[in-house]
Amino acid sequence: MKYIVANWKMHKTQKQSLAFVKQILPRIKTKRTIVLCPPYTDICPIAPLLKKTNIRLGAQDVFYETRGAFTGEISPLMLKELNVKYVLIGHSERRSILHENNRLINQKLRACLKHSLTPILCIGETGLQRRLGQASHVLRNQLLTALKGTHKLKNIIIAYEPLWAIGSHTPDTPENAEKTNEFIRSVLAKSSSAATAKKIPILYGGSVTPRNAPSFLKKAAIDGLLVGHESLLPGHFVKIANCAP
Ligand code: 13P
């Protein structure tokens, strides 16, 4: 079963989120797993609308402690109580703008697993790293440091999001993205086992649109899509969610 994950980033107020959900609910006709990752402030009002639907809730981040003096942070327990099932971890915007390092990402990922939240670990290389032939090295390093200390690779999703493709209207090609996802799976297989690695969904993200979504979803090695700006428009998001194949 493939995933369609919407990352709304810092867009939509509560009112706008509610209006969005009300518009898409009757129009989503797919067996895929649909996950909405709204800003924290929108989770509470939209959660009741998503009960008894096949749309799940995700958060865009989480802190690794459960409670305490951590001003501004949100704990896994707070998210769980709101019926959040998934959490984006290590998104490139948090890595670059908020200076999240691999150690912090590892702590957050482990906190998710500890509290039965499914982390969607985002990894990706910059355009320069790709041009210099460093993409594999960067991806392997991001992956292995984030997964350090995790014993069973279960309930984890990986999202390959090349930084140069995010918000650039220049997506990777489905062929390249597929090859990269195969590479990511081979790294996972080495750090666990081929059988375990096979079960981990690996998504693609970066300038996904209703037009290009089908060609990514056709690829066997691409287990779904992480969608940014095109997930903000109800009509476009519904098209991506429902598209064939
Ligand atoms: P865009 O779809 O806007 O390129 O963003 C991708 C992304 O960052 C999703 O997490």
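Residues numbered from 1 in each chain as written. Predicted model: local features only at pLDDT ≥ 70, side-chain atom pairs only at ≥ 80, totals over all residues. Heavy atoms only, no water.

### Some details on the overall build of the chain
Here comes step 1: From N to C terminus, the chain includes eleven helices and eight strands.
Here comes step 2: Principal-axis analysis of the C-alpha atoms places the extent of the chain at approximately 45 × 45 × 35 Å.
Here comes step 3: Restricting to contacts in the chain with at least 6 residues of sequence separation, those with at least 24 account for 70%.
Here comes step 4: Entry remark: accessible area of the chain is about 11,900 Å², with carbon and sulfur atoms responsible for 55%. (Helix = DSSP H or I, 4+ residues; strand = E, 2+ residues; numbered from the N terminus. Contact = heavy atoms within 4.5 Å. Areas by Shrake-Rupley, 256 points an atom, 1.4 Å probe, with all protein chains shown as cover.)

### A look at the side chain of Arg 32
Here comes step 1: Looking at where Arg 32 falls in the secondary structure, it is placed in the loop between helix H1 (14-24) and strand S2 (33-37).
Here comes step 2: In terms of polar contacts, Arg 32 uses its side chain to reach the backbone carbonyl oxygen of Cys 243, at 2.8 Å.
Here comes step 3: Once residues lying within four places of it in the same chain are set aside, the contact partners of Arg 32 are Met 1, Lys 2, Ile 4, Asn 54, Leu 217, Ile 240, Ala 241, Asn 242, Cys 243, Ala 244 and Pro 245. (Polar contact = N/O pair within 3.5 Å; in protein donor to acceptor, adjacent residues only side chain to side chain.)

### Comments concerning the site of the ligand
Here comes step 1: Around the ligand, the surrounding shell holds 13 residues, and the nearest of these are Lys 9, His 91, Gly 167, Ser 207 and His 229.
Here comes step 2: In this structure, Ser 207 approaches the ligand through a main-chain N or O atom, which is 2.8 Å from an oxygen atom.
Here comes step 3: One of the backbone N or O atoms of Gly 228 is found 2.8 Å from an oxygen atom in the ligand.
Here comes step 4: When the free accessible area of the ligand is taken as 310 Å², the share hidden by the protein chains comes to 98%.
Here comes step 5: Looking at the shell around the ligand residue by residue, the class counts come to four nonpolar, seven polar and two charged. (Near = heavy atom within 4 Å. Nonpolar A, V, L, I, M, F, W, Y, C, P; charged D, E, K, R; others polar.)

### What to know about the state of the cysteines
Here comes step 1: Overall, the coordinates contain zero disulfides when judged by the stated rule.
Here comes step 2: Here Cys 37 is not cross-linked by a disulfide; its sulfur's nearest cysteine counterpart is in Cys 122, at 8.8 Å.
Here comes step 3: With a relative accessible area of 0%, Cys 37 lands in the buried category.
Here comes step 4: You can call Cys 122 buried: its relative accessible area is 2%. (Disulfide = S-S within 2.5 Å. Buried < 20%, exposed > 50% of the residue type's maximum accessible area, 1.4 Å probe, protein only.)

### Focus: helix H7 (residues 135-147)
Here comes step 1: The end-to-end C-alpha separation of H7 is 18 Å, in line with the 18 Å expected for 13 residues at 1.5 Å each.
Here comes step 2: The complete set of buried residues in H7 reads Ala 135, Val 138, Leu 139, Gln 142, Leu 143, Ala 146 and Leu 147. Each buried residue of H7 sits inside an arc of 140° when the element is viewed along its axis, so together they form one side.
Here comes step 3: In this fold, the buried residues of H7 make contact with helix H4 (92-96), helix H5 (102-114), strand S5 (118-123), helix H6 (127-131), strand S6 (157-160) and helix H8 (174-191).
Here comes step 4: The first or second residue beyond H7 is Gly 149, which carries a positive phi of 80°. (Expected span 1.5 Å × (residues − 1). Arc of directions from axis to C-beta.)

### Digging into the side chain of Glu 100
Here comes step 1: Relative to the assigned elements, Glu 100 resides in the loop between H4 and H5.
Here comes step 2: Given a relative accessible area of 6%, Glu 100 falls into the buried group.
Here comes step 3: In terms of polar contacts, Glu 100 uses its side chain to reach the side chain of Arg 94, at 2.7 Å.

### Some remarks on the environment of Ala 177
Here comes step 1: Position of Ala 177 among the secondary structure elements: in helix H8.
Here comes step 2: Here Ala 177 falls in the buried class, since its relative accessible area comes to 0%.
Here comes step 3: With 28 residues separating them in the primary sequence, Ala 177 and Gly 205 have C-alpha atoms 9.2 Å apart.

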